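Residue-level listing of the chains:
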Amino acid sequence: MGKNQEDMEYLTFALTKGRLAEKTLEALSKAGLDCREVLDGSSRKLIFTQEENKYRFFLAKGPDVPTYVEQGAADIGVSGRDIIMEENRSIYEVLDLGIGKCRMCVAGFPEAGELLKHHEMIRVATKYPRIARDYFHDKKHQTVDIIKLNGSIELAPIVGLSDVIVDIVETGSTLRENGLVVLEEICFLSARMVVNPVSMRMKAARIRKVIRLLQGVLGK
Ligand code: PRP
């Protein structure tokens, strides 16, 4: 069978590795899309195929999920809204899965709150430069210097790399344990189901069925 025919036959899901994986697999399994084997720690196999229903599942790093979906390498993706906003890909966001709920915030030492009241030039450390730029430039009209980091963002104000950070706050314990506080709230986040626009047309019935199955277990 040619690659294109195979692509048409299967519905391929790109799921996010890490903290969202467990909850995503639980939601999909509840909806009857059993894909737990994709998280089988004893195997190095990257893709799991469910032959009866012609589903294929794989796990990818968060920021790569919208790329797989935009390019059509996956029909469907499950991704955090933070990643969807930051990556800004041409994909459809079709469903809020209501899992992985958290907030995107500006945080820092309490004294840094003063710096947000004026239009001063400040340094902002973040894993999300687009979200930070949109918020400060477009919404607050404040010119900021954005410093892109890849993790442990809370370190930046502590060691003097930045004045504030833009980061995800879930329980708030990372901030608390480091003497930092939420200074401003940017938006609420949760995991979303995203779809490739061509797949949405070509595999409409199958994708709608997946959305319905998930809506059923989400009580929507
Ligand atoms: C995220 C985020 C915060 C923390 C927030 O980091 O960047 O650091 O979780 O969670 P909390 O409010 O429950 O403390 P993550 O653990 O994903 O790792 P990272 O620091 O490498 O980005």
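Scroll up a little and you will see the structure.
Residues numbered from 1 in each chain as written. Predicted model: local features only at pLDDT ≥ 70, side-chain atom pairs only at ≥ 80, totals over all residues. Heavy atoms only, no water.

Asker: Can you walk me through the site of the ligand in this structure?
Answerer: Around the ligand sit 13 residues in total, of which Lys127, Glu154, Thr171, Gly172 and Thr174 are the nearest. Aspartate 167 is positioned with one of its side-chain polar atoms (N or O) 2.7 Å from an oxygen atom of the ligand. Taking glutamate 170, its main chain carries an N or O atom lying 2.8 Å from an oxygen atom of the ligand. Of all the secondary structure elements, the ones that give two or more residues to the shell around the ligand are β9 (164-169) and α7 (173-177). Broken down by element, the residue count for the shell around the ligand peaks at three residues, all from β9. (Near = heavy atom within 4 Å. Polar contact = N/O pair within 3.5 Å; in protein donor to acceptor, adjacent residues only side chain to side chain. Helix = DSSP H or I, 4+ residues; strand = E, 2+ residues; numbered from the N terminus.)

Asker: Sorry, what's going on with the sheet that holds strand β5 (residues 92-96) here?
Answerer: Note on sheets: strands pair through backbone hydrogen bonds, and any given pair is parallel or antiparallel. Strands sit in the order β2-β3-β1-β4-β11-β5 across an open sheet of six strands; the sheet is mixed. Each end of this open sheet is capped by a strand with a single partner; those strands are β2 (47-50) and β5. For this sheet, the mean inter-axis angle between neighbouring strands, taken without regard to orientation, is 25 degrees. Where β2 and strand β3 (residues 55-60) come together, four bridges link them in antiparallel fashion. Across the sheet, glutamine 50 pairs through a bridge with tyrosine 55, a residue of β3. Against the sheet, helix α2 (residues 19-30) contacts β1 (11-16), β3, β4 (76-80) and β11 (191-195), and its axis sits at roughly 145 degrees relative to β1. In the packing of helix α9 (residues 204-218) onto the sheet, the strands contacted are β1, β3, β4, β5 and β11, and the crossing angle to β5 comes to about 25 degrees. (Pairing = 2+ DSSP bridges. Axes fitted to C-alpha atoms, helices over the stretch in contact; angles between N-to-C directions. Contact = heavy atoms within 4.5 Å.)

Asker: So what exactly am I meant to see when it comes to the pattern of salt bridges here?
Answerer: Opposite charge on two side chains lets them pair, provided their charged atoms get close. One pass over the structure, following the stated rule, counts 12 salt bridges. A salt bridge links lysine 54 to glutamate 51; the shortest N-O distance between them is 2.9 Å. Its relative accessible area of 42% is what places glutamate 51 among the partly exposed residues. Measuring nitrogen to oxygen at the nearest pair gives 2.7 Å for the salt bridge that ties glutamate 93 to arginine 192. Of this pair, glutamate 93 sits in strand β5 while arginine 192 is found in strand β11, placing the two residues 99 residues apart along the sequence. For glutamate 93, a relative accessible area of 40% translates into the label partly exposed. Each of Glu9, Glu51 and Lys54 takes part in one network of salt bridges that share partners. (Salt bridge = Lys/Arg side-chain N within 4 Å of Asp/Glu carboxyl O. Buried < 20%, exposed > 50% of the residue type's maximum accessible area, 1.4 Å probe, protein only.)

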